Amino acid sequence: GAGVSQTPSNKVTEKGKYVELRCDPISGHTALYWYRQSLGQGPEFLIYFQGTGAADDSGLPNDRFFAVRPEGSVSTLKIQRTERGDSAVYLCASSPGTSGYNEQFFGPGTRLTVL
Amino acid sequence: AQSVTQPDIHITVSEGASLELRCNYSYGATPYLFWYVQSPGQGLQLLLKYFSGDTLVQGIKGFEAEFKRSQSSFNLRKPSVHWSDAAEYFCAVGGDAGKSTFGDGTTLTVKP
């Protein structure tokens, strides 16, 4: 009964570098969500997948951010040319469906620090 | 656009005392409402949720919340707080396709 896992738990990088953050959802969950949580704030929606396709990426802040879920399970959030303002905790959640009432199960997050 | 406001950034209560955390939301239709708890280094854990029906919702760890449509509120309560309840609490409203909008959280400190 594994929950949502995220790797790495911590990532420190330098400004301008490329990073990848991985999310392993609960087996069988078709929906997968990425959120970003800045210090002192609640999680903010970035993107969600239904199956393999990105159904809504309206929360991605700019084109430096991209996410994939090629086989409908594991997802990777990719950030190019990182900036100090990208420092935050990146949370992944999975859900059995995309209805508003479906519970989302959250991973522990990846803390990204851009120096 | 949907939004959530948690007016209290930080609350301190004594162990054994009652607790109420406030949440106000803005949403065009009948909302799906959630309360989550986040302990340091942990992911968000769902405490309870409201979709329809009875406006008083029971959750885990002895928490309950009451939906009041007239006040656009969904306050979280617990009759007797335990030291292990110290954490950050987030209220959220579920929107289209499950995209949740969260408040900025309330940090709960429990005094012995």
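As shown above, the structure is provided for reference.
First things first, this report covers the structure right here in the doc. (Residues numbered from 1 in each chain as written. Chains lettered and ligands numbered in written order. Predicted model: local features only at pLDDT ≥ 70, side-chain atom pairs only at ≥ 80, totals over all residues. Heavy atoms only, no water.)

1. With respect to the state of the cysteines
Residue and element names in this part refer to chain A.
Point 1. Within the structure shown, the criterion is met by two disulfides over all chains.
Point 2. Shown here is the disulfide that connects C23 with C92, its sulfur atoms set 1.8 Å apart. The sign of the -65 degrees torsion about the S-S bond sets the C23-C92 disulfide as left-handed. Of this pair, C23 sits in strand β3 (residues 19-24) while C92 is found in strand β9 (residues 88-95), placing the two residues 69 residues apart along the sequence. (Disulfide = S-S within 2.5 Å. Helix = DSSP H or I, 4+ residues; strand = E, 2+ residues; numbered from the N terminus.)

2. Quick word on the interface of chain B and chain A
Interfaces are often sized by the amount of accessible area the parts lose when they come together.
Point 1. Facing 21 residues of chain B, the contacting portion of chain A comprises 22 residues.
Point 2. In total, chain B and chain A occlude about 1600 Å² of area from one another, counting both sides; carbon and sulfur atoms represent 56% of this.
Point 3. Taken together, the connections running from chain B to chain A amount to one salt bridge.
Point 4. Between A:D56 and B:K99 there is a salt bridge whose closest N-O contact spans 2.5 Å.
Point 5. Linking chain B with chain A are four residue pairs in polar contact (both at pLDDT 80 or more).
Point 6. Residue assignment for the side of chain B that touches chain A shows that the elements contributing at least two residues are β5 (32-38), β6 (45-50), β10 (87-94) and β11 (100-102) of chain B. (Contact = heavy atoms within 4.5 Å. Buried area = accessible area lost by both parts, 1.4 Å probe. Salt bridge = Lys/Arg side-chain N within 4 Å of Asp/Glu carboxyl O. Polar contact = N/O pair within 3.5 Å; in protein donor to acceptor, adjacent residues only side chain to side chain.)

3. Focus on the nonpolar core
Point 1. In terms of nonpolar packing, the biggest core is built from 26 residues, with B:L19, B:W35, B:L47, B:L48, B:F74, B:L76 and B:Y89 touching the most fellow members.
Point 2. Sort the elements by how many residues they give to this core and β10(B) lands first, with four residues.
Point 3. Among the nonpolar cores identified, the runner-up in size contains 20 residues, and A:C23, A:L77, A:A88 and A:C92 belong to it. (Core = buried A, V, L, I, M, F, W, Y, C linked by side-chain atoms within 4.5 Å. Buried < 20%, exposed > 50% of the residue type's maximum accessible area, 1.4 Å probe, protein only.)

4. Side note on the pairing of strand β8 (residues 64-68) of chain B
Residue and element names in this part refer to chain B.
Point 1. Pairing between strand β7 (residues 56-58) and β8: three bridges, direction antiparallel. Across the sheet, the residue bridging to V57 is A65, located in β8.
Point 2. Connecting β7 to the antiparallel partner β8 that follows it, the hairpin turn spans five residues, and K61 within it adopts a positive phi of roughly 60 degrees.
Point 3. Alignment of β8 against strand β9 (residues 73-78), held across five bridges, turns out to be antiparallel. Each bridged residue has a counterpart across the sheet, and for K68 the counterpart in β9 is S73.
Point 4. Here β8 hands over to β9 after four residues, with S72 in that stretch at a positive phi of 50 degrees. (Pairing = 2+ DSSP bridges.)

5. Things to note about the environment of A:T110
Residue and element names in this part refer to chain A.
Point 1. Topologically, T110 is positioned in strand β11 (residues 110-114).
Point 2. The spatial distance from the C-alpha of T110 to the C-alpha of C92 is 8.8 Å, given a sequence separation of 18 residues.
Point 3. Residues within four places of T110 in sequence aside, it is in contact with Q6, T7, P8, S9, K11, L21, A88, V89 and Y90.
Point 4. Among the polar contacts listed, one links the side chain of T110 to the backbone oxygen of P8, at a separation of 2.5 Å.

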